[in-house]
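What follows is each chain in one-letter form.
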Amino acid sequence: MAVFSEFFEHTNFRGTTETFSLNNSYRYKWIKFGSGLGDEISSLRARAYSGYNGNVYGFTSSDFLGDFASLNMAEGWTCWWSNVGSGMNDDIESAIMINRNKSELIIPLKDQISGPFIAGLDEAVAGTNVSRNGDPRVYSLFWPSHDPSRKFVRIEQDLRVALDWWPDYDARVRYDVYLYLNSSGVITGYVAWTHTWVEGGIFSGDILDELHPKLVEGASTLTEEIQSQLALVTLLAAFGGYSFKSLYLLPAGEPPMPPPSSNFGSMGSATDDSTLVLTL
């Protein structure tokens with residue numbers, strides 16, 4: 001066993017309890033509370049054992065999204081939330097337990113991806129009736145229903161579609177990017193899924209039929225940009241004498257791993273960022 005976690009119905013570790021363990025052979029363990037403790041968890045704690053650090057995340061959404069309370073353990077230490085508070089209380093519906101290696105390279109992906117994505121999309125829609133509405137959201141997506149065996153970096157962008165004689169339509173594109181190490185140990189990735197949404201209305205079907213193929217076509221350019229960015233990371237690591245053994249994703253930004261004197265966790269939103277972790 002590398003990580004052990006407990007989830008409690010009431011504050012201060014009281015009431016109905018569910019316990020889970022993650023052994024050394026696996027990176028992740030996912031949990032959906034359902035009719036058991038779903039929407040009833042008020043406190044949680046966890047401990048990391050056996051050569052690993054560890055993270056445990058409790059999410060307000062059943063699909064490992066929404067707001068979260070996390071526990072961030074150095075090996076041999078226990079962390080807890082004795083009361084997750086009014087913002088999370090009675091809302092935790094799913095959780096992820098994660099084994100963390102001692103030797104890792106951490107890369108927050110929002111800063112890596114957002115700039116090239118914005119530049120590429122603005123160039124692609126220049127001169128059309130489509131424009132970005134705000135900046136993209138970049139976050140980790142774990143085992144979605146459309147591809148339940150894999151984890152992705154999702155790039156989600158709100159759009160606005162202008163019509164000459166009708167109110168604007170809201171639209172959205174989501175690119176699900178799959179990352180992996182190839183046989184040479186180089187980080188690479190590609191857009192595995194493109195999802196397009198257009199708000200309901202008289203012209204929504206026509207807009208979707210015209211917009212979706214263009215956004216799918218843009219996925220190939222996005223794949224090239226991502227591969228270029230990640231190849232640079234691999235090159236810089238090679239100059240530093242590093243080689244990568246595996247990669248995995250964390251929700252949001254890099255969690256603060258506490259010193260032994262700190263026993264609490266952190267809170268955040270799953271859509272704030274995506275963190276790529278490379279084991280050395």
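Residues numbered from 1 in each chain as written. Predicted model: local features only at pLDDT ≥ 70, side-chain atom pairs only at ≥ 80, totals over all residues. Heavy atoms only, no water.

Undergrad: It is not clear to me how the sheet that holds strand E15 (residues 246-251) should be interpreted in this structure. Could you clarify?
TA: Two strands in a sheet stick together by hydrogen bonds in their backbones, pointing the same way (parallel) or opposite ways (antiparallel). Read from one edge of the open sheet, 3 strands run E9-E17-E15, paired in antiparallel fashion. This sheet does not close on itself; its edge strands, each paired only once, are strand E9 (104-108) and E15. Shown here is a sheet whose adjacent strand axes are inclined to one another by a mean of 25 degrees, direction ignored. Its contacts with the sheet place helix H1 (residues 109-125) against E9, E15 and strand E17 (274-279), and it is angled at close to 40 degrees to E9. (Pairing = 2+ DSSP bridges. Helix = DSSP H or I, 4+ residues; strand = E, 2+ residues; numbered from the N terminus. Axes fitted to C-alpha atoms, helices over the stretch in contact; angles between N-to-C directions. Contact = heavy atoms within 4.5 Å.)

Undergrad: What should I look at first to understand H1 in this one?
TA: The α-helix winds at 3.6 residues per turn, so residues separated by three or four positions along the chain end up facing the same way. For H1, spanning 17 residues, the distance from its first C-alpha to its last is 24 Å, which sits close to the expected 24 Å at 1.5 Å a residue. For H1, every residue scored as buried is listed here: Leu109, Ile113, Ser114, Phe117, Ile118, Leu121 and Val125. The buried residues of H1 occupy one face: seen down the axis, they fall within an arc of 130 degrees. Turned more than 90 degrees off the buried face of H1, the exposed positions are Asp111 and Glu123. The positive-phi residue at the C-terminal boundary of H1 is glycine 127, with phi of around 80 degrees. (Expected span 1.5 Å × (residues − 1). Buried < 20%, exposed > 50% of the residue type's maximum accessible area, 1.4 Å probe, protein only. Arc of directions from axis to C-beta.)

Undergrad: In this structure, what is going on with the pattern of salt bridges? I would like to understand it.
TA: If the charged atoms of two oppositely charged side chains come close together, the side chains can form a pair. In the structure shown here, the tally under the stated rule is 12 salt bridges. Linking glutamate 75 and lysine 102 is a salt bridge whose minimum nitrogen-to-oxygen distance equals 2.5 Å. Pair noted here: glutamate 75 is in the loop between strand E6 (67-73) and strand E7 (78-81) and lysine 102 is in the loop between strand E8 (94-100) and E9, with a separation of 27 residues, a long-range link. Glutamate 75 sits in the partly exposed class, given a relative accessible area of 32%. Linking lysine 214 and glutamate 210 is a salt bridge whose minimum nitrogen-to-oxygen distance equals 3.5 Å. (Salt bridge = Lys/Arg side-chain N within 4 Å of Asp/Glu carboxyl O.)

Undergrad: Help me understand the side chain of threonine 275, please; the structure alone is not making it clear to me.
TA: With respect to the element layout, threonine 275 can be found in strand E17. A distance of 2.7 Å separates a polar side-chain atom of threonine 275 from the backbone oxygen of alanine 252. In this structure threonine 275 touches Ile106, Ile107, Pro108, Ser140, Tyr248, Leu249, Leu250, Ala252, Gly253 and Glu254, once residues within four positions along its chain are discounted. (Polar contact = N/O pair within 3.5 Å; in protein donor to acceptor, adjacent residues only side chain to side chain.)

Undergrad: How do you make sense of the pairing of strand E14 (residues 187-198) when you look at a structure like this?
TA: Regular strands have side chains that alternate between both faces of the sheet. Of the pairings in the sheet, the one linking strand E13 (residues 166-181) to E14 comprises 11 bridges and is antiparallel in character. Considered in E14, the bridge of tyrosine 175 is made with threonine 194. Linking E13 to E14, which pair antiparallel, is a turn of 5 residues; within it glycine 185 sits at a positive phi near 80 degrees.

Undergrad: How do you make sense of the domain arrangement of the protein when you look at a structure like this?
TA: Interfaces are often described in size by the accessible area the parts lose on coming together. Per the domain assignment, the segments making up the protein are domain 1 (1-101) and domain 2 (107-239). On the side of domain 2, 6 residues touch domain 1, which itself brings 6 residues to the contact. In terms of surface lost to domain 2, no three residues of domain 1 exceed Tyr28, Phe64 and Leu65, which account for 68% of the buried area on that side. Seen at the junction of domain 1 and domain 2, the total is 0 salt bridges. (Domains from an automatic or database assignment. Buried area = accessible area lost by both parts, 1.4 Å probe.)

Undergrad: Help me out: how do you make sense of the packing of aromatic side chains in this one?
TA: Describing an aromatic ring pair means giving the distance of the ring centres and the angle of the ring planes. A complete count under the given rule lists 22 aromatic pairs for this structure. Ring geometry for tyrosine 57 versus phenylalanine 59: centroids 6.0 Å apart, planes at 15 degrees, classification stacked. Judged by relative accessible area, phenylalanine 59 falls into the buried class, the value being 0%. A centroid spacing of 5.3 Å and a plane angle of 75 degrees characterise the contact between tyrosine 57 and phenylalanine 68, whose relative ring orientation is edge-to-face. (Phe/Tyr/Trp six-rings, centres within 6.5 Å; stacked < 30°, edge-to-face > 60°.)

Undergrad: Is there a simple way to explain the side chain of glutamate 104 in this structure?
TA: Its location among the elements puts glutamate 104 in strand E9. Classification of glutamate 104 as buried rests on a relative accessible area of 18%. Here asparagine 101 takes part through its backbone nitrogen, which lies 2.8 Å from a polar atom of the side chain of glutamate 104. Reaching out from glutamate 104, the side chain makes a polar contact with the side chain of tyrosine 248 at a distance of 2.3 Å. Leave out the neighbours within four places in its chain, and glutamate 104 touches Arg27, Tyr248, Val277, Leu278, Thr279 and Leu280.

Undergrad: Would you take a moment to explain the nonpolar core for this structure?
TA: For soluble globular proteins, the rule of thumb is that nonpolar side chains tend to be buried together. Core analysis: the largest hydrophobic core is formed by 51 residues, its most contacted members being Tyr175, Leu179 and Leu276. Sort the elements by how many residues they give to this core and helix H2 (residues 204-239) lands first, with 7 residues. Composition of this core by domain shows at least three residues from each of domain 1 (1-101) and domain 2 (107-239). The contacts of leucine 276, once residues within four sequence positions are left out, are Leu105, Ile106, Ile107, Leu109, Leu179, Ile187, Leu230, Leu247, Tyr248 and Leu249. (Core = buried A, V, L, I, M, F, W, Y, C linked by side-chain atoms within 4.5 Å.)

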